[in-house]
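Okay, here's what each chain looks like letter by letter:
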Amino acid sequence: AADAMNTSSFVDLASNFARISNESVYPYGAAGTNAVFALMTRHYMERFGATREDFGRLCVDQRHNANHYPGSLFRERKLTLEEYLRARPIVEPLHLYDCVMPCTGAEAFLVMSEQRARSLNLECATLRSSAEAYNAFHEDPLQIRGGWAKFRDELYDCAGMSPEEIDIVQPYDDYPVIVFQQLEDLGFCRKGEASAFIRDNRLTFDTEGLVCNSNGGQLSAGQAGAAGGFLGLVEAVRQLTDSPLPNRVRDAKAALVSGYGMAVYDRCVCTNAAILTRRVVA
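What this report covers is the structure whose coordinates are included nearby. (Residues numbered from 1 in each chain as written. Predicted model: local features only at pLDDT ≥ 70, side-chain atom pairs only at ≥ 80, totals over all residues. Heavy atoms only, no water.)

1. Details of a nonpolar patch on the surface
Next up, step 1: A cluster of nonpolar side chains, namely L110, M112, L120 and L122, defines an oily patch on the protein surface of about 350 Å² accessible area.
Next up, step 2: Topologically, L122 is positioned in the loop between α6 (114-119) and β3 (125-134). (Patch = residues over 30% accessible without salt bridge, like charges linked within 9 Å, V, L, I, M, F, W, Y side chains within 5 Å. Areas by Shrake-Rupley, 256 points an atom, 1.4 Å probe, with all protein chains shown as cover. Salt bridge = Lys/Arg side-chain N within 4 Å of Asp/Glu carboxyl O. Helix = DSSP H or I, 4+ residues; strand = E, 2+ residues; numbered from the N terminus.)

In structure tokens form, the structure reads like this:
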């Protein structure tokens with residue numbers, strides 16, 4: 001009886017979870033995350049002047065990173081901007097390489113005190129700050145920002161750092177538009193200026209500036225179900241502990257990892273972020 005009650009409660013919760021989509025999106029034939037993010041992407045493009053070429057530059061840079069990461073789903077498949085633009089449409093303006101790539105896999109890491117890590121002779125990264133927000137900016141008709149903008153200042157203040165001191169950003173990247181919003185909301189550029197930022201900066205692991213998703217992110221390394229949420233965190237730890245990988249970011253001292261989940265077209269239920277740094281050996 002208890003199991004039946006729990007199952008019933010879960011079904012009720014799940015059926016009412018995305019009420020906005022149930023009432024305002026699905027009845028008009030738009031179903032699934034591709035359609036939701038197509039609405040968000042089109043709105044962002046019209047409001048800020050972003051183009052498919054801008055999104056493509058991000059995807060091409062991340063694919064370059066994935067080509068040098070042994071665990072990537074697309075390790076051996078390069079991507080050019082021309083190929084990105086020619087890819088078949090999925091839900092306009094989204095095309096094939098705008099959509100996250102599902103795969104099987106897993107992520108794992110250990111959490112312990114620095115003293116414990118030393119006693120075990122383990123390399124480690126230090127968590128400097130973290131924050132999360134739920135149901136942020138629900139008043140926006142269509143999402144152009146996420147909860148990161150609510151806690152950004154606190155996140156950096158707690159870490160005693162600024163965006164300029166971050167070497168690697170590992171944003172959740174199920175679709176390029178969400179990466180653009182995270183670059184803006186986390187202070188790497190102003191709202192609406194991610195396109196210009198992408199045009200002016202390469203984000204590859206072998207660049208001199210900010211690196212974005214050094215292993216290719218979910219768009220090119222792959223999204224292993226719920227494990228995809230930890231892809232960026234595990235990669236940040238690898239980079240900050242000098243794991244022997246061909247996509248090594250030179251002299252990386254600090255990484256910012258951000259997450260995003262359970263989205264409907266007007267807001268995201270959950271956003272979070274953490275800043276990690278290389279442990280300084282006394």
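2. Topic: the packing of aromatic side chains
Next up, step 1: Counting across every chain of the model gives 8 aromatic pairs.
Next up, step 2: Where F37 meets Y175, the ring centres are 4.2 Å apart and the plane angle is 15°; that geometry is what we call stacked. Taken as a pair, F37 in helix α3 (residues 32-48) and Y175 in the loop between β4 (168-171) and α8 (176-185) lie far apart in primary sequence, 138 residues in all. Exposure class is identical for F37 and Y175. Each is buried.
Next up, step 3: With a centroid separation of 6.5 Å and an interplanar angle of 50°, the aromatic rings of Y44 and F55 are classed as tilted. (Phe/Tyr/Trp six-rings, centres within 6.5 Å; stacked < 30°, edge-to-face > 60°. Buried < 20%, exposed > 50% of the residue type's maximum accessible area, 1.4 Å probe, protein only.)

3. Focus on the nonpolar core
Next up, step 1: Residues I166, L183, F188 and L256 are the most contacted members of the largest nonpolar core, which totals 54 residues.
Next up, step 2: Of all the secondary structure elements, the ones that give two or more residues to this core are α3, α4 (52-66), β3, α7 (148-159), α8, α9 (194-200), β6 (254-263) and β7 (268-278).
Next up, step 3: With 6 residues, the top contributor of residues to this core is α3.
Next up, step 4: Discounting residues that sit within four places of it in the chain, L256 has contacts with L155, Y156, I166, I168, V169, Q170, L186, F188, A273, A274 and I275.
Next up, step 5: Within the second largest apolar cluster, 12 residues are counted, among which are L240, V249, A252 and L276. (Core = buried A, V, L, I, M, F, W, Y, C linked by side-chain atoms within 4.5 Å. Contact = heavy atoms within 4.5 Å.)

Keep in mind that these numbers describe shape and distance, not what the molecule does.
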